[in-house]
Amino acid sequence: MDFMKSRDGTALGFEIFSPRVAIFAIVGLWFVAIAKGEDLWENTVAPEPPQMVDPVVITSLVELERHTQTMPSNPAPVPSGEAPLFPEGPVYYPGPATGVSESSDVIIDFRDEAEIVTLPIRIWQSRNVRLIGLKMKLEAPVEGGKGNLKNANGTGFIQFANPYPRVPGGAALGITHSHTLFIEGCDIDCNGNNIDAIVPSPNHSQTIEDQLAHRKIIVINSRITGFHGHNVVEGIGEGLHCDSIQLQSGTASEIILENVDIESGHEGFVLNPVTDPASPIYASPPGGLTINRVSYDIDQRFLDSDPRMHQYPVALATNVLVEDLDISQFGYRRMQGGDSRTGKPYQGPHAILHVSPYQQITKDYLFTYYVDPDHAGPNLLPMEGLKLYEGTVAEENLADYPMEKFAPAEQLAEGYKPGETLY
């Protein structure tokens, strides 16, 4: 008998396909999935979390607050009459003063913590760092409020030109690690601040060779939202180019992003280390970059906060050679793409550049997703694994083109279930 067509279920003696039974079955399966944990997340490219050795474990906001320190303004000291790029203020800073050494492993696990983290987190020169289930919504200090801080204009700084607030240290998460940074189940909301979301910096004593051998940056099952900035604006100057992940002056053996949603007012992932060997902060390109089930969308909360936002947006920029580049699913949205200097619209977003170091390419290539398979250019071809979603800021029709998301907020932060034994 074809049981799929037998709605009364008489062959089995009960109504297996009644609406009530179907509802209970669906709910039951949902609870089973919740209990198992691993069914919530399909992580196919992310490796296992790092093995920790006697880690410093922080599981509540009360414990995290014990690591509070004052972050000085940057740059410091500030000349008389000038405002800093970033204000002085409190941050959570596990470091030598609170028992975290260069050889320490650190775990911040907030899956059982309902409190929201409102201050930036910085971690000193640690070994492995694992962040689990954080819910962050940054506050902006009064002295770092809108219009208070300066912006670069190419030759100097314009005082009080910053249209967005900033926080001490300039990042939601400033992590210095020598081995693996593993972020999962986190909901990181920069809340309109003109900052980078995640800045993974190398341990200060680590050579480039050590970084390529040992450092990893892994972000899975997480959301990163609320950061924004602007590019060159007449009368304002050059704004900070805010990113979800900014590699800064370091490199890594591999960078892996899986089940990650980005909602930005500016840039996505910028993996552009300083590739000039003559520079004191030289860093070679990362060894590998893997992206699977990642979305890059527009944070609609801040569309009306400033007419200059969403300029020159970057979903992913890597203008250095990444030997092992694997993008299997990456959805992106065109943003406004206006050039305030000329008033002319860009033809599309500056998105991904996978070319040889120091190579200059034309603007025809600069604003489209391309890859150079021979690392020799200008033989640039469209990349696979990328999906363009219609709808732009300028058109204001984003609701008509919903983007597929991979990290629902209700499955993150408190109660996050990674499906693996943690430590």
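Structure: above.
Here is a short report on the structure shown in this document. (Residues numbered from 1 in each chain as written. Predicted model: local features only at pLDDT ≥ 70, side-chain atom pairs only at ≥ 80, totals over all residues. Heavy atoms only, no water.)

## With respect to the pattern of salt bridges
The cut-off we apply is this: The working definition used for a salt bridge is a side-chain nitrogen of Lys or Arg within 4 Å of a carboxyl oxygen of Asp or Glu. Helix numbering and strand numbering both begin at the N terminus, where a helix is a DSSP run of H or I of at least 4 residues and a strand a DSSP run of E of at least 2. Under the scheme applied here, a residue whose accessible area is under 20% of the maximum for its type counts as buried, over 50% as exposed, and between as partly exposed, the area being computed with a 1.4 Å probe on protein chains only.
For the structure on display, the rule yields 10 salt bridges. For Asp187, the salt bridge is made with Lys135, and the minimal N-O distance between the two is 3.5 Å. In this pair, Asp187 sits in strand 12 (residues 187-189) while Lys135 sits in strand 7 (residues 135-137), placing the two residues 52 residues apart along the sequence. Notably, a salt bridge pairs Lys405 with Asp297, separated by 2.9 Å at the nearest N-O pair. On the criterion of sequence distance, the pair formed by Lys405 in the segment after strand 22 (386-389) and Asp297 in strand 18 (residues 288-298) is long-range, its members being 108 residues apart. Judged by relative accessible area, which is 5%, Asp297 ranks as buried. A single network of salt bridges, built from pairs that share partners, joins Lys135, Asp187 and Arg223.

## Considerations on the pairing of strand 14 (residues 216-228)
Where we set the bar: We treat two strands as partners when DSSP finds at least two bridges between them.
Strand 14 sits mainly inside the fold: 12 of its 13 residues count as buried. Inspection of the sheet shows strand 11 (residues 180-184) paired to strand 14 by five bridges, in the parallel sense. What sits directly across from Thr180, in strand 14, is Lys216. Both strand 12 and strand 14 contribute to a ladder of three bridges, which runs parallel. Within the sheet, the bridge partner assigned to Ile188 lies in strand 14 and is Ile224.

## A look at the environment of Gln248
By the element assignment, Gln248 lies in the loop between strand 15 (245-246) and strand 16 (254-265). A relative accessible area of 34% places Gln248 in the partly exposed class. In this structure, the C-alpha to C-alpha distance between Gln248 and Pro200, residues 48 residues apart in sequence, is 7.6 Å.

## Here we look at the nonpolar core
Applicable threshold: Here, nonpolar core refers to any group of buried Ala, Val, Leu, Ile, Met, Phe, Trp, Tyr and Cys residues whose side-chain atoms link them within 4.5 Å. When checking whether two residues touch, look at their non-hydrogen atoms; a contact exists if any pair is within 4.5 Å.
With 50 residues, the main nonpolar core has Ile108, Ile121, Leu131, Leu134 and Leu173 as its most contacted residues. With near-sequence residues (within four places) excluded, Leu173 lies in contact with Ile121, Leu131, Leu134, Met136, Ile183, Ile188, Ala197, Ile198 and Val199. Grouped together as the second largest cluster of nonpolar side chains are eight residues, Leu40, Trp41, Ala407 and Tyr416 included.

All quantities given are derived from atomic positions and should not be read as evidence of function.
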